[in-house]
Structures are given as C-alpha cells and as structure tokens.
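In case you want the letters, here they are:
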Amino acid sequence: MDIMGSEKIYYVTTPIYYVNSAPHIGSTLTTLAGDILARYHKMRGRRTWFLTGTDENAIKVHRAAQERGIPTRQFVDELAAEFQQAWKTMHIAYDDFIRTTEPRHVRVVQEFFRRMLENGDIYKGIYEGWYCVSDETFFAPSDVEEDRLCPNAECRRPLQWVQEEDYFFRLSAYGDRLLRYIEEHPDWLEPEFRKNEVIAFIKQGLRDQSVTRANPGWGIPVPR
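Conventions and cut-offs
Residues numbered from 1 in each chain as written. Predicted model: local features only at pLDDT ≥ 70, side-chain atom pairs only at ≥ 80, totals over all residues. Heavy atoms only, no water. Buried < 20%, exposed > 50% of the residue type's maximum accessible area, 1.4 Å probe, protein only. Helix = DSSP H or I, 4+ residues; strand = E, 2+ residues; numbered from the N terminus. Pairing = 2+ DSSP bridges. Patch = residues over 30% accessible without salt bridge, like charges linked within 9 Å, V, L, I, M, F, W, Y side chains within 5 Å. Areas by Shrake-Rupley, 256 points an atom, 1.4 Å probe, with all protein chains shown as cover. Salt bridge = Lys/Arg side-chain N within 4 Å of Asp/Glu carboxyl O. Axes fitted to C-alpha atoms, helices over the stretch in contact; angles between N-to-C directions. Parallel < 35°, antiparallel > 145°, perpendicular 65-115°, else oblique. Left-handed = near helix turned anticlockwise from the far one by under 90°. Contact = heavy atoms within 4.5 Å. Nonpolar A, V, L, I, M, F, W, Y, C, P; charged D, E, K, R; others polar. Expected span 1.5 Å × (residues − 1). Arc of directions from axis to C-beta.

Engineer: Even after reading the chapter, I still don't get the pairing of strand β3 (residues 48-55), so can you show me in this structure?
Structural biologist: For β3, the tally of buried residues reaches six of eight residues, placing the bulk of the element in the interior. Strand direction decides the pairing type here: strand β1 (residues 10-13) and β3, joined by four bridges, are parallel. Bridged to tyrosine 11 within β3 is tryptophan 49. Where strand β2 (residues 17-18) meets β3, two bridges bridge the pair, whose relative direction is parallel. Its bridge partner lying in β3, tyrosine 17 is registered against threonine 54. Bridge analysis of β3 against strand β4 (residues 96-99) gives four bridges, and the strand direction is parallel. Bridged to leucine 51 within β4 is aspartate 96.

Written out as structure tokens, the structure is:
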C-alpha cells in the first residue's frame, strides 16, 4: 500500500494524438499538464503510470498522407517520431508511448473485438447518416442542421452522407445495467452534478454505436 492509502496505480493519460499534423500548442499543453500531474503523485510516493502516444489509424490521417503524396506508413512514422522528439526536448517523463499501429495494440484491439463478437455485443448492420471526417464521428439526422456542418462548435466542417456496412456495439442493452451500477455505487461517479448528467443521458435511451469504418486500405482489420 502506498502512502496515499491505496493499492491502485494512479493512471494518467493524455489524448492519444492524431498524427495528421505535427505537435502544436494544444497537444503540448495537455502533455505538459499530464506530466506535471504524474510527477506530483510520483513525488508523493504513489505508484503512477503516465501514458501518451499517437493515433495513426484514422481515415483523416490516411487522407493527409495522400495529400502529401507519400505512403501512409512513412507519413505516420515520421510524425510519431516528431511527437516523441518534442516530448524528449521538453523532458516529458512518460512511462509509455503507444502507437496504434504497433503490433501489441493491433493484437489487443482484435482480441477485444473478437470477444465482444462472441458475446453478442457486436453485430453487423447498415449505417446510414452524416459523418464528420475531421472528428471521426457519426451524427444522427436529428443532430444536424440545414447547413450540413459538423455540430461540434470547434469543427463546423462540412459533413459527408455515408451509407456502409459496419459493425455496431449493442450499447442499448446496457442502459438498465449502468443505472443499477451507479445506484449501487454512489461514489463511482463524481462530482454529483456530472453523475446526474450521465444518469439523465442514459434515461433518454442509449443507441447502438457504429464501431468500424469501411476500409480505405488503412486501419486495423477486424476479425471475421
């Protein structure tokens, strides 16, 4: 047991950054904040694990490489090295740097997908709706205004209408179980007003979520 009175490791992670461009002030700020937080807990004697890394499998990363006219693998290798060099220059003391193209990550993703498929939590269906390439997000027609721009106020880029065969996660099956767990573990979600927001969201009804994309020649193949 550590001096903070807990046997659990304190886990800190930054966003796993898209590598469609070089590190910038936003990624630098969040990485620095994570580094400070991890150092603070380590100085107090708490077992701490600080993770950062790069998300390299996104469609927009593949498109950025195409725009540069270079192979996608070369593109992500170069940018991942830029991120690592930037954090080295800033003396960021992360415990691990994960790249989503690494074999260890691919193995875990495929195994996780396989288990959910076997359990019936994932099924194949047809997705039809609006998609934001920049945010990597699908939006229901009810969430989209007449201008057909991304509802995210920080994006507002044009949406694309997509119809494709995807795999869906059966999120709708978990509403009652989530509400029951929250009720039985009142301290699990904090602060209180955020817990109330989550409860209200669940009670509105959870929708199944598309968890795959049509393969453009770049990404992690899902097990069949």
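Engineer: Would you take a moment to explain a nonpolar patch on the surface for this structure?
Structural biologist: Taken together, the side chains of Ile9, Tyr11 and Trp49 present a nonpolar region at the surface, about 320 Å² in accessible area. For isoleucine 9, the position within the fold is in the segment before β1. With a relative accessible area of 45%, isoleucine 9 lands in the partly exposed category.

Engineer: Teacher, can you tell me more about the packing of helix α5 (residues 175-184) against helix α6 (residues 192-203) here?
Structural biologist: Helix-helix packing is characterised by the crossing angle of the two axes and by the distance between the axes. Relative to each other, α5 and α6 sit at 155 degrees, their axes nearing to 10 Å. Considering the angle they form, α5 stands roughly antiparallel to α6. Once α5 is placed against α6, the crossing between them reads as left-handed. Facing α5, whose interface residues are Gly175, Leu178, Leu179 and Ile182, α6 presents Lys195, Val198, Ile199, Ile202 and Lys203. Considering only residue class, the contact of α5 with α6 consists of six nonpolar, one polar and two charged.

Engineer: Looking at this model, I keep getting lost on the side chain of serine 134. Mind explaining?
Structural biologist: With respect to the helices and strands, the residue serine 134 is situated in the loop between β5 (122-132) and β6 (137-139). Assessed through its relative accessible area of 18%, serine 134 is described here as buried. Excluding residues that lie within four positions of it along the chain, serine 134 makes contacts with Lys60, Cys155 and Arg157.

Engineer: I'm lost on the pattern of salt bridges in this one. Help?
Structural biologist: Close approach of charged atoms lets side chains of opposite charge pair. If you walk through the whole model with that rule in mind, you get 14 salt bridges. We note a salt bridge from arginine 73 to aspartate 77, for which the minimum N-O separation is 3.2 Å. Of this pair, arginine 73 and aspartate 77 both sit in helix α3 (residues 72-89), four residues apart, which is roughly one turn of the helix. Look at arginine 73 and you get partly exposed, because its relative accessible area is 39%. Residue aspartate 77 is classed as partly exposed on the basis of its relative accessible area, which comes to 31%. The salt bridge partner of arginine 194 is glutamate 197, with a shortest N-O separation of 2.9 Å. You can see arginine 194 and its partner glutamate 197 sitting in helix α6, three residues apart, about one turn around the helix.

Engineer: Please explain helix α1 (residues 25-43) as it appears in this structure.
Structural biologist: Because each turn of an α-helix spans 3.6 residues, side chains separated by three or four positions in sequence point in the same direction. With 19 residues, α1 ought to run about 27 Å at 1.5 Å a step, and its terminal C-alpha atoms sit 26 Å apart, in line with that. For α1, every residue scored as buried is listed here: Ser27, Thr28, Thr31, Gly34, Asp35, Ala38 and His41. With its buried residues spanning 165 degrees around the axis, α1 presents them on a single face. Set apart from the buried face of α1 by more than 90 degrees, the exposed residues are Ile25, Leu29, Ile36 and Met43. On its buried side, α1 packs onto β1, β2, β3 and α3.

Engineer: What is the right way to look at the sheet that holds strand β7 (residues 160-169) in this model?
Structural biologist: Within a beta sheet, neighbouring strands are joined by backbone hydrogen bonds and run either parallel or antiparallel to one another. Ordered in space as β6-β5-β7-β8, the four strands form an open sheet in which the pairing is antiparallel. Across the chains shown, the open sheet's two edge strands, defined by having one partner strand only, are β6 and β8 (209-210). Two strands pair when backbone bridges link them, and β7 and β8 are joined in this way by two bridges, in the antiparallel orientation. Opposite phenylalanine 169, over in β8, you have glutamine 209 as the bridge partner.

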